[in-house]
Amino acid sequence: MSREILIIGSGFAACQLVKSLRKLDVEVPIRMLTADSGDEYNKPDISHVFSQGRSSAELTRLSAARFAEQYQVVMQPFTRVESIDPQARRVHTADASHAYAQLVLATGASALVPPVPGHELLLTLNSQGEYQAAEAQLRDARRVLVLGAGLIGSELAMDLLSSGKQVVLVDQASSVLASLMPAAVSARLQACLVASGAQLRLGSGLQRLERSGDGIRAYLDDGQWVDCDSAIAAIGLRPGVDLARRTGLAVGRGIQVDRHLQTSAEHIYALGDCAEIDGRVLPFLQPTQLAASALAKTLLGQPQVLQLPPMLIRVKTPRLPLQLAGETSGEHLDWQLSFDDQGMLAQAFDAQAQLRGFVVSEGRLQNAFALLRQLPG
């Protein structure tokens, strides 16, 4: 029987797992099948490429060949998995079949694109490949519409502004970062975006896109329109569950796993943006790092339960950096806000006056770790 650990995917989660495995075992055979190039890069860097003037090629940390050599893995780039046979423990591609001892799905997530007329005109920047495809158009664009004022949309908007472009930020919500925090807490960032030159069209949804001369006209559902040279969709992510669903694995928002990261099928695990843990999808770096470390031990015969402590989320908006942790949205929270020359300190308490979450900005970032220790586990 095969001893091979087979990983489908080559993004951050997959690479972290390989590194964690190699720290524990330098000999266990590892194979990676990936539909893209297999090059290692840091996806959050895409939020800063415009102000830093970085090309898509400059995002690469290690080429697929160098990564494979350094970590002693069999890397098969541009290889799409067609099906999985859990009973036979085999994975099938278009022209080959591979046996596995343990299988890990690290199939990531794709950018959501609204199904409106003209949606094919929207660019997405969820991967190095997508940035490469959009690079020339965005470099030449003077006016850019960003659809979505959440975490990624706000980061992209600020970066585009810092590179000298005109930015219109559109969102159906009435404030930026609406899914993460109340308007009173995000107001400081919202004011910073406006002061930086952003035009905010909040409370408006996208109705359709049309070619208009050399550019694009975006019609909003309030009856108005925006003219731009490029439009970017940043309204969220869809976990990559299609392969898991075809295999018959339990799927909710993501691929459902237990605290050992095991799916509903024996010897098959899921990790990263595609995985759903306790009903939650956690598309952030720290939980993925912790999950990769725990899963590596499990795959090597030392079952490790994943423990997720309170974790910081960083909003990478350099002109007004934010960090948050714990529960920061919901009507059950009582917020206490403090503003001074150093920045903002916003604390969320429950009915028992227990700190449940917080948001800090600018100079108040130094308070984050002390507050983090006060959050319930």
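Residues numbered from 1 in each chain as written. Predicted model: local features only at pLDDT ≥ 70, side-chain atom pairs only at ≥ 80, totals over all residues. Heavy atoms only, no water.

**Topic: unusual backbone geometry**
The backbone phi angle of Gln72 is positive, close to 55°, even though this residue is not glycine. The phi dihedral of Leu261 is positive, around 70°, even though this residue is not glycine. Leu261 gets classed as buried once you look at its relative accessible area, which sits at 1%. (Buried < 20%, exposed > 50% of the residue type's maximum accessible area, 1.4 Å probe, protein only.)

**Focus on the sheet that holds strand E22 (residues 275-277)**
A sheet is described by the order of its strands in space; here three strands give the open sequence E20-E22-E23, paired in mixed fashion. Either end of the sheet is taken by a strand with one partner, and the two such strands are strand E20 (255-257) and strand E23 (280-281). Inspection of the sheet shows E22 paired to E23 by two bridges, in the antiparallel sense. Directly across from Glu276, in E23, lies its bridge partner Val281. (Pairing = 2+ DSSP bridges. Helix = DSSP H or I, 4+ residues; strand = E, 2+ residues; numbered from the N terminus.)

**Things to note about the side chain of Asn126**
Looking at where Asn126 falls in the secondary structure, it is placed in the loop between strand E11 (122-123) and helix H4 (128-140). Take Asn126: its relative accessible area is 11%, and that puts it in the buried class. Engagement of the side chain of Asn126 in a polar contact is seen with the backbone oxygen of Ala109, the distance being 2.6 Å. Contact partners of Asn126, with chain neighbours within four places excluded, come to Tyr41, Lys43, Ala109, Ser110, Ala111 and Leu237. (Polar contact = N/O pair within 3.5 Å; in protein donor to acceptor, adjacent residues only side chain to side chain. Contact = heavy atoms within 4.5 Å.)

**Considerations on the nonpolar core**
Nonpolar side chains in soluble globular proteins tend to be buried together. Grouped together as the largest cluster of nonpolar side chains are 54 residues, with contacts concentrated most on Ile7, Leu17, Ile84 and Leu105. Core analysis: the second largest hydrophobic core is formed by 44 residues, Val146, Leu193, Met344 and Ala346 among them. (Core = buried A, V, L, I, M, F, W, Y, C linked by side-chain atoms within 4.5 Å.)

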